[in-house]
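# Chains, contacts and geometry: an overview
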Amino acid sequence: MASSLDVKNIRKDFPALHQEIYGKPLVYFDNAATTQKPRQVIERMIKYYEEENCNIHRGVHYLSQKATEAFENARRNIQQFINAKETHEIIFTKGTTDSVNLVKTSFGEEFLQAGDEVIVSVAEHHSNFVPWQVLSEKKNIPLRIIPVNDKGELIFEEFEKLLNEKTKLLAITHTSNTLGSIVDIKKFIDKAHEHDVVVLIDGAQAVMHKQLDVQELDCDFYCFSGHKMYAPMGGGILYGKEKLLEKMPPFQYGGEMVDQVTIKGTSFNELPFKFEAGTPNVEAILGLDEAIKYLQNIGFDNIAKYEKRLLDYATEKLLKIEGLRILGTSENKASLISFLIGDIHPYDAGTIIDKMGIAVRTGHHCAQPVLDHFEVPGTIRASMVFYNTFEEIDRLVEAIMQVKKMFE
Ligand code: PMP
C-alpha cells in the first residue's frame, strides 16, 4: 500500500458522496454523526441477503451454518482488530449506547452499592453520561465529574483528586465528539487501576481514526459503534475482560443467551452468547467485518496522517475568518472542528450552509454538560475523514463567508 492516500480513487468507493444537494455537489462533513459506507460494505450486505440469509446458531442446515460461520468469523476478526485476548470478550451489541447500558445494568446495578462512587467527565456524550446519572440517582451512588480546561482537555490532576477508596468505576470518552480532544486514556486507566477502579472507555469517536489495542491500554470495557466506522447502523461492540464478563449477569433474556430452560428454571449460555439475547443484526456485523478490512487496506497510519492534514488546513482557514471561535483547541485532536460564527445561532448558520450542499451538524451534539461548561447553547460541527478533500474545506469557508454576509 502506498504511503499516502489516493483520495480521488477512494471517493469512488462511496456512492453517497456523488450526489448533488440543492444543485451542488455534496460536501459531507457530518462524519462524527455517521460515516458514509463504501461499496464493499454495501455489497457485503447484499451478498448476505442474496446468498446467506438465515438465522444463526443452532440450525443444522447449510444456510444457517454458512451464516453462523460468517458471523463468528467476524467476531474473530474483530478480536484481532482490537487485539483482545479472547474471542469471547467481544460482545455484539446495537452500538455504543447499548454497550454502555449493558455495563450499567450488568455491572453497575449488580456490583455497585450505595455510597460507592462513579467518575465520568463533563465531556461525555449523553450515552456515557445519562446511564451513570440514572444509576447514581437509583442507587445513591455519587457521580463525580472530571472538568475540562479552556482547551477542552480532561484535567488529569482534578481526576486524581476525585479518586478515593469509594471510587468503583471510571467511565470516560477516548475522544470527545464535541471538542475533538483525544484523551490520553492510558494515563487515566493506569491511575484508576492503582485504586482498583474498573474502567470503561467510550471509543465511539476513536476507533475509526487510530489502531486500537485493548490489551496495551488495559481498559476493562471498551465500546464502539459500527456506523461511525464505515459500517452499517445497528451493530456495535462491547469489549470486556473475561474475568469481569464471567461474573456479570445477563443484560437481556431470551433466545441464544440460554443454555437449558425448564418450567423450574433457566441456566444461561457461556460467553459471549450470555449477553446476546434475541436475533442479532447479522448483516451489520458482517458489514463491520468488511469495513475493518477496508480500513486496514488503506492503513491506519495513512488515515491518521491525511486526517491531521485536513484538520490543520481547516483550522488555519477557519481561524482567519473574523469573529469565528473554535471550541476545543487541544493539540491532540481528532479531525473535527466545533465552532461559532460571532453571535449567529448555530441553527441559522447550519441551515444556510446546508443550502450550499454542505452537511455540517448543528446543536448540542448530545453533549450538553460540556456546552454548559463553555456557556454556549450549541455549535456548528464539521467532522472530516479520509474521503474529504481540501477543496471541500474551501467550500465550507466560502459558505461561512456567505452566512456572515447575510447576517451583517
Ligand atoms: N459516544 C460518543 C462519543 C458518540 O459520539 C456517540 C454518537 N454520537 C455515542 C457515544 C453514541 O453512539 P450510538 O448512537 O452509535 O450508540
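Now for a description of the structure that goes with this document. (Residues numbered from 1 in each chain as written. Predicted model: local features only at pLDDT ≥ 70, side-chain atom pairs only at ≥ 80, totals over all residues. Heavy atoms only, no water.)

Applying the stated criterion across every chain, the model contains 2 cavities of 30 Å³ or more. In this structure, the largest cavity is lined by Asn31, Ala32, Thr35, Gln205, Met208, His209, Ser335, Leu336, Ser383, Met384 and Val385. Looking at side-chain class alone, the lining of the largest cavity contains 5 nonpolar, 6 polar and no charged residues. The residues that make up the lining of the largest cavity include at least three from each of domain 1 (7-30 + 299-407) and domain 2 (42-296). By volume, the second largest cavity amounts to about 30 Å³. Lining the second largest cavity are Ile56, His57, Glu256, Phe273, Glu276, Gly278 and Pro280. When the residues that make up the lining of the second largest cavity are grouped by side-chain class, the tally is 3 nonpolar, 2 polar and 2 charged. (1 Å grid on protein atoms, 1.4 Å probe; cavity = no way out; pocket = protein on both sides within 12 Å on 5 of 7 lines; lining within 4 Å. Points joined across faces, edges and corners; volume = space filled by probe spheres on them. Nonpolar A, V, L, I, M, F, W, Y, C, P; charged D, E, K, R; others polar. Domains from an automatic or database assignment.)

A few words on the layout of surface pockets. One number sums up the size of the largest pocket: a volume of about 740 Å³. The wall of the largest pocket is formed by 33 residues, among which Ile182, Lys210, Asn332, Lys333 and Ala334 lie closest to the centre. Of all the secondary-structure elements, those providing two or more residues to the lining of the largest pocket are helix H7 (185-194), helix H8 (214-217) and helix H11 (300-319). The dominant element in the lining of the largest pocket, judged by the number of residues it contributes, is H11, at 7 residues. Across the lining of the largest pocket, the residue classes break down as 13 nonpolar, 10 polar and 10 charged. What the second largest pocket holds in volume is close to 420 Å³. The wall of the second largest pocket is formed by 29 residues, among which His125, Ser127, Asn177, Lys228 and Cys366 lie closest to the centre. (Helix = DSSP H or I, 4+ residues; strand = E, 2+ residues; numbered from the N terminus.)

Along the chain, the position of Glu158 falls in helix H6 (residues 156-162). Separated by 10 residues in the primary sequence, Glu158 and Val148 place their C-alpha atoms 9.1 Å from one another.

A word on the sheet that holds strand S8 (residues 198-202). Where strands meet in a sheet, backbone hydrogen bonds hold them as pairs that are either parallel or antiparallel. Read across the sheet, 7 strands follow the order S4-S10-S9-S8-S7-S5-S6 without closing on themselves; strand pairing throughout is mixed. Strand pairing shows two members of the sheet lacking a second neighbour, strand S4 (90-93) and strand S6 (143-146), which therefore form its edges. On average, adjacent strands in this sheet sit at an angle of 20° to one another, irrespective of strand direction. In this structure, strand S7 (residues 167-173) lies alongside S8, joined through 5 bridges in parallel fashion. (Pairing = 2+ DSSP bridges. Axes fitted to C-alpha atoms, helices over the stretch in contact; angles between N-to-C directions.)

Next up on the list: the site of the ligand. Every residue close to the ligand is listed here: Thr96, Thr97, His125, Ser127, Asn177, Asp202, Ala204, Gln205, Ser225, His227 and Lys228. Between Thr96 and the ligand, the recorded distance is 3.5 Å, taken from a backbone N or O atom to an oxygen atom. In the model, an oxygen atom of the ligand is placed 2.8 Å from a nitrogen or oxygen of the His227 side chain. Taken by itself the ligand offers 400 Å² of open surface, and the protein chains cover 84% of this. Placement of the ligand is best described as lying within the second largest pocket. Tallied by class, the residues present in the shell around the ligand amount to 1 nonpolar, 8 polar and 2 charged. (Near = heavy atom within 4 Å. Polar contact = N/O pair within 3.5 Å; in protein donor to acceptor, adjacent residues only side chain to side chain. Areas by Shrake-Rupley, 256 points an atom, 1.4 Å probe, with all protein chains shown as cover. Sits in = over half its atoms within 2 Å of the grid points.)

Grouped together as the largest cluster of nonpolar side chains are 106 residues, with contacts concentrated most on Leu170, Tyr222, Met229, Tyr230, Phe339 and Phe386. A per-element tally of this core places helix H10 (residues 282-298) first, with 9 residues. Counting the residues that make up this core, at least three belong to each of domain 1 (7-30 + 299-407) and domain 2 (42-296). Setting aside its immediate chain neighbours within four residues, Tyr222 contacts His174, Ile185, Ile201, Gly203, Ala206, Val207, Leu212, Val214, Leu217, Ile237, Leu238 and Tyr239. Counting residues in hydrophobic clusters, the runner-up holds 26 residues, among them Ile91, Val100, Phe107 and Ala171. (Core = buried A, V, L, I, M, F, W, Y, C linked by side-chain atoms within 4.5 Å. Buried < 20%, exposed > 50% of the residue type's maximum accessible area, 1.4 Å probe, protein only. Contact = heavy atoms within 4.5 Å.)

Before going further, it helps to spend a moment on the pairing of strand S5 (residues 117-121). Counting buried positions along S5 yields 5 of 5 residues, so the element is predominantly enclosed. The two faces of S5 match: Glu117, Ile119 and Ser121 on one face and Val118 and Val120 on the other face are all buried. Sheet topology note: the S5/S7 ladder contains 4 bridges and is parallel. Bridged to Val118 within S7 is Leu169. Across 4 bridges, S5 lies against S6 in parallel orientation. Counterpart to Ile119 in the pairing with S6 is Arg144. In this view, the connection linking S5 to its parallel neighbour S6 by way of helix H5 (residues 130-139) has right-handed handedness. (Right-handed = clockwise from strand over helix to strand, strands pointing away.)

To continue, consider the packing of helix H12 (residues 346-355) against helix H14 (residues 390-407). Helix packing geometry: the angle between the two helix axes and the distance between the axes. Contact geometry of H12 with H14 gives a least axis separation of 9 Å together with a crossing angle of 125°. By the angle between their directions, the pair H12 and H14 is classed as oblique. In this structure, H12 crosses over H14, and the sense of that crossing is right-handed. Across the interface between the two elements, Asp348, Ala349, Ile352 and Ile353 from H12 touch Leu396, Ala399, Ile400, Val403, Met406 and Phe407 from H14. Broken down by class, the residue content of the contact of H12 with H14 amounts to 9 nonpolar, no polar and 1 charged. (Parallel < 35°, antiparallel > 145°, perpendicular 65-115°, else oblique. Left-handed = near helix turned anticlockwise from the far one by under 90°.)

None of this, on its own, says anything about what the molecule does.
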